[in-house]
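Read off the chains here:
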Amino acid sequence: MRRSLNGVVLAAIAVVAIIVASMATFVVDPTEQALILRFGQPVRDLIDAPGLYFKWPFIDTVVYIDKRILALDNERQEVLVSDNQRLEVDAFVRYKIDDPLLFYQSVTNTRGADAQLGGMLNSALRRSLSGASITDIVRDKRDALMADIRDQMITGAKRFGLQVVDVRIKRADLPAENSEAVFRRMQTERQQRAASYRAQGSQQSQQIKAEADRKVTVITAQAQQQSEQIRGEGDGYQNSFANGQTRALMSPKSDFFRYFSTPTPAPEAATAPVPAPSAKAD
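## A word on the overall build of the chain
- Helix and strand counts for the chain stand at seven helices and nine strands.
- Expressed as a percentage of its 282 residues, the buried residues of the chain come to 23%.
- A separation of at least 24 residues holds for 66% of the contacts in the chain among residues at least 6 apart in sequence.
- Roughly 21,000 Å² of accessible area belongs to the chain as shown, and the carbon and sulfur atoms make up 55% of that amount.

## Description of helix α5 (residues 142-157)
- Taking 1.5 Å of rise per residue, 16 residues should cover 22 Å, and α5 covers 22 Å from first to last C-alpha, within 8% of that figure.
- Its buried side turned inward, α5 meets β8 (86-97), α3 (110-129), α4 (134-140) and β9 (162-173).

## Observations regarding the confidence of the model for the chain
- Mean pLDDT for the chain: 81, with 77% of residues reaching 70 or above.
- When pLDDT is averaged over each helix and strand of the chain, the minimum, 65, is found for helix α7 (residues 255-258) and the maximum, 94, for strand β6 (residues 70-73).
- With pLDDT under 50 throughout, residues 268-274 is counted as low confidence; its partners more than four residues away or in other chains account for zero contacts.
- Throughout residues 276-282 the model reports pLDDT below 50, and contacts reaching past four residues in sequence, or to other chains, amount to zero contacts.

## What to know about the pattern of salt bridges
- Throughout the structure, instances matching the rule amount to 11 salt bridges.
- For D90, the salt bridge identified is with R76, shortest N-O distance 3.2 Å. With D90 in strand β8 and R76 in the loop between β6 and β7 (77-80), this residue pair connects regions lying 14 residues apart in the sequence.
- Given a relative accessible area of 13%, D90 falls into the buried group.
- We classify R76 as partly exposed; its relative accessible area is 40%.
- Through salt bridges with shared partners, a single network forms among R76, E88 and D90.

## Focus: the side chain of D90
- One polar contact links D90 to R76, side chain to side chain, over a distance of 3.2 Å.
- The contacts of D90, once residues within four sequence positions are left out, are E75, R76, R168, I169, K170 and R171.

## A word on the nonpolar core
- L117, L129, M153 and L162 are the most contacted members of the largest nonpolar core, which has 37 residues in total.
- Counting residues per element, the ones that place at least two in this core are β2 (32-38), β5 (60-66), β6, β8, α3, α4, α5 and β9.
- If you tally residues by element for this core, the top one is α3, at seven residues.
- The contact partners of L162, leaving out residues within four places of it in the chain, are Y95, K96, I97, D98, F103, A113, L117 and A157.

## Some thoughts on the packing of α3 against α5
- Where α3 meets α5, the closest approach of the two axes is 9 Å, and the angle between their N-to-C directions is 145 degrees. The chirality of how α3 crosses α5 is right-handed. Along the contact surface, α3 presents L117, M120, L121, A124, L125, R127, S128 and L129, while α5 presents L145, D148, I149, Q152, M153, G156 and A157.
- Counted by class, the contact of α3 with α5 contains 10 nonpolar, three polar and two charged residues.

## Describing α3
- End to end, α3 covers 27 Å across 20 residues, agreeing with the expected 28 Å (1.5 Å per residue, within 8%).
- Along α3, the residues classified as buried are G112, A113, L117, G118, M120, L121, A124, L125, S128 and L129.
- With a side-chain oxygen positioned 3.2 Å from the backbone nitrogen of R111, the residue opening α3 is N109.

Criteria and thresholds
- Residues numbered from 1 in each chain as written.
- Predicted model: local features only at pLDDT ≥ 70, side-chain atom pairs only at ≥ 80, totals over all residues.
- Heavy atoms only, no water.
- Helix = DSSP H or I, 4+ residues; strand = E, 2+ residues; numbered from the N terminus.
- Buried < 20%, exposed > 50% of the residue type's maximum accessible area, 1.4 Å probe, protein only.
- Contact = heavy atoms within 4.5 Å.
- Areas by Shrake-Rupley, 256 points an atom, 1.4 Å probe, with all protein chains shown as cover.
- Expected span 1.5 Å × (residues − 1).
- pLDDT = per-residue confidence, 0-100.
- Salt bridge = Lys/Arg side-chain N within 4 Å of Asp/Glu carboxyl O.
- Polar contact = N/O pair within 3.5 Å; in protein donor to acceptor, adjacent residues only side chain to side chain.
- Core = buried A, V, L, I, M, F, W, Y, C linked by side-chain atoms within 4.5 Å.
- Axes fitted to C-alpha atoms, helices over the stretch in contact; angles between N-to-C directions.
- Left-handed = near helix turned anticlockwise from the far one by under 90°.
- Nonpolar A, V, L, I, M, F, W, Y, C, P; charged D, E, K, R; others polar.

If you want it as structure tokens, here you go:
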């Protein structure tokens with residue numbers, strides 16, 4: 001009987017020893033860092049290297065802090081931008097825990113951090129986008145607006161031991177009831193611009209045609225004037241010899257008489273008479 005009781009006691013002691021040993025040790029994962037708290041106050045330096053560690057059982061508490069980059073996908077919210085237009089914006093934040101003790105004391109866990117960052121993001125979006133147009137948000141000033149929102153988030157997150165890595169707008173859409181009105185307005189603007197371009201082209205075309213017609217008229221008039229002048233000169237020359245009493249004075253050395261002159265023939269060579277042959281006497 002005594003042996004049975006001793007066996008039970010030893011087994012109980014062994015169980016208690018195992019429990020105490022398990023409560024005195026803890027393991028830190030490579031993706032985590034650990035705070036050792038005693039009655040809510042840190043008693044050791046931050047443990048950020050993976051491995052097996054020891055603590056006092058029952059009085060020390062281990063708080064594990066994630067050291068990876070964490071993500072907060074904010075819910076779509078409606079923002080009032082310039083010209084009193086409403087815009088539905090989807091944004092996200094990437095952050096990590098930079099000061100674990102301050103993080104634990106201020107927000108306790110990542111759920112509290114997400115709540116604080118979500119509120120800051122909504123406020124930053126409203127402040128930065130309130131003076132921007134839709135074109136600025138989706139194209140012209142998108143990078144500058146993102147940088148402004150990120151700077152606001154970085155400043156606010158330091159109060160909670162958080163470091164903001166990046167802030168981005170995933171989508172920026174018009175509400176469904178405004179999309180059709182904006183589309184019609186854009187269509188009207190494009191039609192007005194096209195009509196303006198066509199009117200300018202028609203005006204330039206008329207100017208070019210008028211200038212071409214003017215040049216044609218001037219050239220035709222000049223050609224007719226020259227033709228009449230040449231014809232008048234020809235008629236005047238012909239009429240001057242028509243009555244047969246016109247006299248013209250010309251130099252005998254002029255080219256006109258050169259065609260009527262006869263060249264002097266060269267003197268022929270003199271030939272001596274050939275004497276007749278004399279008859280011989282038989």
